[in-house]
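# Architecture and fold: a report
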Amino acid sequence: MSLSTLNAQQKEASEAPCGHNLIIASAGTGKTSTIVGRISHLLQNGITPNEILLLTFTNKAAQEMLARLAMKFDSKIIQQIEAGTFHAVAYRYLKSKESVILKQPKELKVLFKSLYDKRIFLNASCVSPYGANYLYDLFSLYFNATINEDFKSWLERKNSEQLQYVEIYLDVWEEFKVLKNEYHYVDYNDLLLHYKNAIEKSQSPYKEVLVDEYQDTNPLQDSILQALNPPSIFCVGDYDQSIYAFNGADISIIGSFKERYKDGRIFSLTKNYRSTEPILNLANRVIEKNPRIYPKKLEVVKMQNFGTPTLLVYEELFAQYSGIANKIKLSNRPFSEIAVIFRNNSSADGIEACLREIGIPSKRKGSVSFFDSKEIVYMLNLCSLLFNAKDMMSFIHVLAQAKGIGNALAKDIYEALLALGHNSPIQGLLYPDKVIKEPFKKKAQNTQLGLFDDWIEFSNVARFSSMNLQAGFKDNPILTHPKLTKEGVEFLNALYCFFDSFTANDRPYELISKISSLPIFQIVAQKLAKERSITKEGGISEERRIESLERISRKISLLKDLASHYNELGRFLNAMVLGSSEMSEGEGINLLSIHASKGLEFAEVYIVDLMEGRFPNKKLMNQGGSLEEERRLFYVAVTRAKEILYLSYAKKDILKNISYEGSIFLYEAGLLTSRML
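These numbers were taken from a predicted model, which means no experiment stands behind them. (Residues numbered from 1 in each chain as written. Predicted model: local features only at pLDDT ≥ 70, side-chain atom pairs only at ≥ 80, totals over all residues. Heavy atoms only, no water.)

### Details of the overall build of the protein chain
Each helix and strand counted, the protein chain has 29 helices and 18 strands in total. Against the globule reference of 26 Å for 677 residues, the protein chain gives a C-alpha radius of gyration of 28 Å, in line with a compact fold. Dimensions of the protein chain, computed from the C-alpha atoms along their principal axes, are close to 80 × 65 × 55 Å. A buried classification covers 52% of the 677 residues belonging to the protein chain. Of the contacts made within the protein chain by residues no fewer than 6 positions apart, 75% connect residues no fewer than 24 positions apart. (Helix = DSSP H or I, 4+ residues; strand = E, 2+ residues; numbered from the N terminus. Rg over C-alpha atoms; globule rule 2.2 N^0.38 Å. Buried < 20%, exposed > 50% of the residue type's maximum accessible area, 1.4 Å probe, protein only. Contact = heavy atoms within 4.5 Å.)

Spelled out as structure tokens, the structure:
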């Protein structure tokens, strides 16, 4: 990219002397162009590509920046730049140095819960202990939000009533950590912690580190920047767009830049190329109510006249959703250029239903994704088992789908197969060492384990002799477990057939195609379809069941399409783990949470449910949020609009018999006055 295409502010920032530089890039002011210009400047002034580290909020953003650079420089040069999210950079570094297996938090929660469930909490009737999933998330927040404070002190500040359970919490976490280390599992937090420890012991190869979306940096990520300690740092962000406090982001990191770096320089980008003057004026009127850390005001570049932002007022909540759907129907814009932005997921449910009713497709981001659906998770776990035979978490996930096999029993079966196969669970299933008569071992006692945690007497495999089992499986010693049911054995038999049919050398596309027709997948598909077809009365709707099976089939077809781009199973699985959160399914109107809308822009934007209590979200404010953060969320939502902006609210929710007032932000924006109440 030529620096001559940058405006004066962007060029000045891009050519800043090496050192500590902070660029305040307001919405739509060309921060990506500035970062690309900066890297161009570095490369033209003697910095080699492998001395540059680019840290972005998404891997997609990194790839877009590198693609722009490749238009000017040789692609072989650009490929040498280390670029991606903190997690992606850490993952690549650790994979090059040691054996690590990246697991999604939702997967590791299963293992964590299997350990948690064996604890007994005394006095729980007085103060309920945290559930396993919440506790896992709490530890995750702790690691991201603090560096030097111990968990006990941190928990005391968060909720002192939980201190009575802190030793149990820590004991579960310690056992969990040991298990993760044993199997080389890491989650996203582990990536950053291991990476930080590794770079603290070595000299950083980077002469400049560039950080995009700096306002959303959390203390753990900031500690990595401190550990890297490059001669030059180039941070780009906007104080007014810091909206990730719930995830550990610390706004004081960008706010205290000048205090922490005494020689730091601060540049501002204020020329907005995205939105019209009326939209920017509205955004400025609201955000200026927040404390001004870095004074600025957006300047308009776009001169076209598309009218002023419009307030839509509806008498009832569902009438709002229906009304917006019908306004969208009358729009002549492509679906990809229209977005409905919401603060709460329940808002998207109503919009989605109304759009579907009038035949308009939509796609959601910021709620349950394609890759979170149970059938896709299950299929990827089956593939993971072929790729890594000792993947305990995938074994537990797969086995837990069988009727009568929960997470705890699944873990015990895995360990038994490991013993029967002399450290290979697949061998333990296909070719067990039958000299081992009792593969299920007793467990060592841990802090407050249940009093009746030992095994009861084992059974004889002959009790399943009437079942139609594979010849090589029917006398497997794992069938001696007394808790195994016929449904569980049927599932294990299907797993035996699965391992007997495939290897990791099969191409991902063919592998998924074949697996989807086998009992190991069809058993689970039928189970999920049945669960999704249960009526309010508790019966089964055959029509819904068939529709569910069709949706499962369509999702598997999409997964096959994704797999067709890969020749190796390992590369396919890595792409699915790291990239799943950035992939979406289908085309249609964009339904986006405000957090999911960050960094995007649309010609026509609808911001819905602007009622007091819902936006700003009073419930989240009472749980540690703030009006200032809610105002920043509103600012982010408004500045996604390029040309047309609608803001809407409803006066009443008839179903819940709740009356609403318009959001404070509508008053601050000048769209409501007290006389309109």
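### A look at unusual backbone geometry
At the junction of Phe615 and Pro616, the peptide bond is cis and its omega measures out at 10° in the coordinates. Residue placement: Pro616 occurs in the loop between strand 15 (602-607) and helix 27 (618-622). Phi at Glu213 is positive, roughly 50°, even though this residue is not glycine. Residue placement: Glu213 occurs in the loop between strand 6 (208-211) and helix 11 (219-228).

### Focus: the domain arrangement of the protein chain
Here the protein chain is partitioned into domain 1 (8-97 + 191-273), domain 2 (101-183), domain 3 (299-367 + 587-669) and domain 4 (374-564). Using only C-alpha atoms to locate each centre, domain 3 and domain 4 end up separated by 43 Å. (Domains from an automatic or database assignment.)

### Notes on the pattern of salt bridges
Two side chains with opposite charge may pair up if their charged atoms get near one another. Here the structure, examined in full by the defined rule, presents 35 salt bridges. With a shortest N-O distance of 2.7 Å, Asp190 and Lys180 are connected by a salt bridge. Pair noted here: Asp190 is in helix 10 (residues 188-200) and Lys180 is in helix 9 (residues 166-183), with a separation of ten residues, a long-range link. On the basis of relative accessibility, which here comes to 3%, the residue Lys180 falls in the buried class. Salt-bridge contacts for Glu542 lead to Arg545; the nearest nitrogen and oxygen are separated by 2.8 Å. Placement of both Glu542 and Arg545 in helix 24 (residues 542-563) is noted, with a separation of three residues, approximately one turn of the helix. Residue class for Glu542 comes out partly exposed when judged on its relative accessible area of 43%. A network of salt bridges, in which partner residues are shared, links Lys31, Asp212, Glu213, Asp216 and Lys598. (Salt bridge = Lys/Arg side-chain N within 4 Å of Asp/Glu carboxyl O.)

### Examining the nonpolar core
In this structure, Ile413, Ile478, Phe499 and Ile515 are the most contacted members of the largest nonpolar core, which totals 88 residues. No fewer than three residues from each of domain 2 (101-183) and domain 4 (374-564) sit in this core. Excluding residues that lie within four positions of it along the chain, Phe499 makes contacts with Leu385, Leu386, Phe395, Ile426, Leu429 and Leu430. Leu282, Ala348, Leu647 and Leu666 belong to the second-largest nonpolar core, a separate cluster that totals 61 residues. (Core = buried A, V, L, I, M, F, W, Y, C linked by side-chain atoms within 4.5 Å.)

### Examining helix 15 (residues 317-330)
Three- or four-residue spacings in an α-helix give side chains the same orientation, since the helix completes a turn every 3.6 residues. For helix 15, which comprises 14 residues, the first-to-last C-alpha distance of 21 Å matches the rise-based estimate of 20 Å (1.5 Å per residue) to within 8%. Among all positions in helix 15, only Leu317, Gln320, Tyr321, Gly323, Ile324, Ala325 and Ile328 are buried. With a side-chain oxygen positioned 2.7 Å from the backbone nitrogen of Phe318, the residue opening helix 15 is Glu316. (Expected span 1.5 Å × (residues − 1). Polar contact = N/O pair within 3.5 Å; in protein donor to acceptor, adjacent residues only side chain to side chain.)

### Considering the packing of helix 6 (residues 105-116) against helix 9
For the pair helix 6 and helix 9, the least separation of the axes is 10 Å and the interaxial angle reads 130°. By the angle class used here, helix 6 and helix 9 are oblique. Classified by chirality, the crossing of helix 9 by helix 6 is right-handed. Together, Leu108, Leu111, Phe112, Leu115 and Tyr116 of helix 6 and Val172, Trp173, Glu175, Phe176, Leu179 and Lys180 of helix 9 make up the contact between the two elements. (Axes fitted to C-alpha atoms, helices over the stretch in contact; angles between N-to-C directions. Parallel < 35°, antiparallel > 145°, perpendicular 65-115°, else oblique. Left-handed = near helix turned anticlockwise from the far one by under 90°.)

### Some remarks on the sheet that holds strand 6
Taking strand neighbours across the sheet as the criterion, the six strands line up as 3-2-6-7-1-8 in an open arrangement whose pairing is parallel. A strand with exactly one partner marks an edge of an open sheet, and here the two such strands are strand 3 (82-84) and strand 8 (265-269). Averaged over all adjacent pairs, the angle separating strand axes in this sheet is 10°, with direction ignored. Where strand 1 (residues 20-25) lies against strand 8, five bridges are found, and the strand directions are parallel. Following the sheet pairing, Ile23 is matched in strand 8 by Phe267. (Pairing = 2+ DSSP bridges.)

### Thoughts on the state of the cysteines
Counted by the stated rule, this structure contains zero disulfides. Here Cys18 stays unpaired: no disulfide links it, and the sulfur of Cys235, its closest cysteine neighbor, is 13 Å away. No disulfide involves Cys383; its sulfur sits 17 Å from that of Cys497, the nearest cysteine. (Disulfide = S-S within 2.5 Å.)

### A closer look at the confidence of the model for the protein chain
Averaged over every residue, the pLDDT of the protein chain is 86; the share at 70 or more is 91%. Every residue in residues 451-456 scores below 50 in pLDDT, and together they form ten contacts with partners more than four places removed in sequence or on other chains. Within the model, the stretch residues 579-585 combines pLDDT values under 50 with 13 contacts to residues more than four positions away or in other chains. (pLDDT = per-residue confidence, 0-100.)

### Details of the sheet that holds strand 14 (residues 589-593)
Paired through their backbone hydrogen bonds, the strands of a sheet run either parallel or antiparallel. The strand order across the open sheet formed by six strands is 11-16-15-12-14-13, and the pairing between neighbours is parallel. Only two strands of the sheet have a single neighbouring strand rather than two, namely strand 11 (310-314) and strand 13 (362-365). Sheet twist, expressed as the mean angle between neighbouring strand axes with direction ignored, is 20°. For strand 13 and strand 14, the ladder comprises four bridges, and the chain directions are parallel. In the sheet register, Ser362 faces strand 14, and the bridge partner there is Ile589. In the packing of helix 15 onto the sheet, contacts are made with strand 11, strand 12 (338-342), strand 14, strand 15 and strand 16 (641-650), and the angle to strand 11 comes to roughly 135°.

### Some remarks on helix 23 (residues 519-531)
Here helix 23 is 13 residues long and its end C-alpha atoms lie 18 Å apart, about the 18 Å a rise of 1.5 Å per residue gives. Along helix 23, the positions that sit buried rather than exposed are Ile520, Phe521, Val524, Ala525, Leu528 and Ala529. Down the axis, helix 23 shows its buried residues gathered within 150° of arc, on one side only. (Arc of directions from axis to C-beta.)

### Brief notes about the pairing of strand 12
Burial within strand 12 is extensive, with five of its five residues counted as buried. The two faces of strand 12 match: Ile338, Val340 and Phe342 on one face and Ala339 and Ile341 on the other face are all buried. For strand 12 and strand 15, the ladder comprises four bridges, and the chain directions are parallel. By the bridge assignment for strand 15, Ile341 is matched with Ile607. Where strand 12 lies against strand 14, four bridges are found, and the strand directions are parallel. Bridge pairing in strand 14 links Ile341 to Leu592.

### Details of the packing of aromatic side chains
This structure, assessed with the given rule, holds 37 aromatic pairs. On the numbers, 5.3 Å between centres and 80° between planes, the contact of Phe112 with Phe176 is edge-to-face. Residue Phe112 is found in helix 6, and its partner Phe176 is found in helix 9; the two are separated by 64 residues along the sequence. Counting every residue linked through ring pairs, the aromatic cluster contains Phe112, Tyr136, Phe139, Tyr142, Phe143, Phe151, Trp154, Trp173 and Phe176. (Phe/Tyr/Trp six-rings, centres within 6.5 Å; stacked < 30°, edge-to-face > 60°.)

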